[in-house]
Amino acid sequence: MRRLRLPLVPRPLRLAGVAAVASTILYYSVFTPPGSGVIRTGPLGVFPYGTWLHGLAYAGLAVTLAYAFQDSPWRDRTVLGVVFLLAVGYGGSIELLQSTLDARTADFGDLLTNAVGAAVAAVCWRVLTRRVRFYRMRRVGEIEAPVQ
């Protein structure tokens, strides 16, 4: 089976991506989240909208963390364990911060949803990396065009 080749941008850019995702999560966790009071349920009407937002936000954080640590000398499972713990730890910190705010509340259910989102993303990342080969990139011009 042929492996898909994807660029591995320089680590500072990958870490900037992590910071951007973490900052976005922090902003919407402290201030009014998008769609507050307007949308009641998420896709398929299965879970509340907020549950979907939590799961997707922490899945996104886990994926950006996994990408940032892709060239780490650690084993894949160790990296994914660290990614999971960092994402869940960040979510726990946000919940503690929310407990100090008048307009927000801390919720164990949110923390659990964050953990599920991070775990699903970590598993998906592991599956993806089995089918992908990353190549180092120093400049945007080094992105390889797909072979036809």
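Here the structure is a predicted model, which means the values were calculated and not measured.

Caption draft 1: Highlighting the overall build of the chain. Secondary structure assignment for the chain yields four helices and two strands. Along its sequence from the N terminus, the chain presents helices and strands in the succession β-α-α-α-α-β. Expressed as a percentage of the 148 residues in the chain, the buried residues total 29%. Across the chain, the fraction of contacts at a sequence separation of at least 24, relative to all contacts at a separation of at least 6, is 70%. If you sum the accessible surface of the chain, you get close to 9,600 Å²; carbon and sulfur atoms cover 67% of it.

Caption draft 2: Region of interest: the environment of Ala103. Counting through the fold element by element, Ala103 comes out in the loop between α3 (76-99) and α4 (108-129). Residue classification places Ala103 among the exposed positions, given a relative accessible area of 75%. In this structure, the C-alpha to C-alpha distance between Ala103 and Val30, residues 73 residues apart in sequence, is 8.5 Å.

Caption draft 3: Quick peek at the packing of α3 against α4. The interhelical angle for the contact between α3 and α4, taken along N-to-C directions, is 160°, at an axis separation of 9 Å. The pairing of α3 with α4 is recorded here as roughly antiparallel in orientation. The hand of the α3/α4 crossing is right-handed. Touching Asp76, Arg77, Leu80, Phe84, Ala87, Val88, Gly91, Gly92 and Glu95 of α3 are Asp110, Leu111, Asn114, Ala115, Ala118, Ala119, Ala122, Trp125 and Arg126, all from α4.

Caption draft 4: Region of interest: the nonpolar core. With 22 residues, the main nonpolar core has Leu61, Leu65 and Val83 as its most contacted residues. Tallying contributions element by element places helix α2 (residues 49-68) first for this core, with seven residues. Not counting chain neighbours up to four residues away, the residues in contact with Val83 comprise Ala62, Leu65, Ala66 and Phe69.

Caption draft 5: Broad picture of the packing of helix α1 (residues 11-30) against α3. Where α1 contacts α3, the two axes come as close as 10 Å, and the packing angle between them is 25°. For the element pair α1 / α3, the angle class is roughly parallel. In the crossing of α1 with α3, the sense of the turn from one axis to the other is right-handed. Along the contact surface, α1 presents Ala22, Ser23, Ile25, Leu26, Ser29 and Val30, while α3 presents Tyr90, Ile94, Leu97 and Gln98. Of the residues assigned to the contact of α1 with α3, the class counts are seven nonpolar, three polar and no charged.

Caption draft 6: A look at a nonpolar patch on the surface. A cluster of nonpolar residues, Phe108, Leu112, Val116 and Val120, forms a patch on the protein surface that exposes about 420 Å² of accessible area. Classification of Phe108 as exposed rests on a relative accessible area of 65%.

Caption draft 7: View of the environment of Pro10. Tracing the backbone shows Pro10 in the loop between β1 (4-8) and α1. Relative accessible area serves as the criterion here: at 27%, Pro10 is assigned to the partly exposed category. Each C-alpha atom, one on Pro10 and one on Arg136, is 7.5 Å from the other, the two residues being 126 residues apart in sequence. When neighbours within four sequence positions are excluded, Pro10 is seen to be in contact with Met137 and Arg138.

Cut-offs used in this document
- Residues numbered from 1 in each chain as written.
- Predicted model: local features only at pLDDT ≥ 70, side-chain atom pairs only at ≥ 80, totals over all residues.
- Heavy atoms only, no water.
- Helix = DSSP H or I, 4+ residues; strand = E, 2+ residues; numbered from the N terminus.
- Buried < 20%, exposed > 50% of the residue type's maximum accessible area, 1.4 Å probe, protein only.
- Contact = heavy atoms within 4.5 Å.
- Areas by Shrake-Rupley, 256 points an atom, 1.4 Å probe, with all protein chains shown as cover.
- Axes fitted to C-alpha atoms, helices over the stretch in contact; angles between N-to-C directions.
- Parallel < 35°, antiparallel > 145°, perpendicular 65-115°, else oblique.
- Left-handed = near helix turned anticlockwise from the far one by under 90°.
- Core = buried A, V, L, I, M, F, W, Y, C linked by side-chain atoms within 4.5 Å.
- Nonpolar A, V, L, I, M, F, W, Y, C, P; charged D, E, K, R; others polar.
- Patch = residues over 30% accessible without salt bridge, like charges linked within 9 Å, V, L, I, M, F, W, Y side chains within 5 Å.
- Salt bridge = Lys/Arg side-chain N within 4 Å of Asp/Glu carboxyl O.

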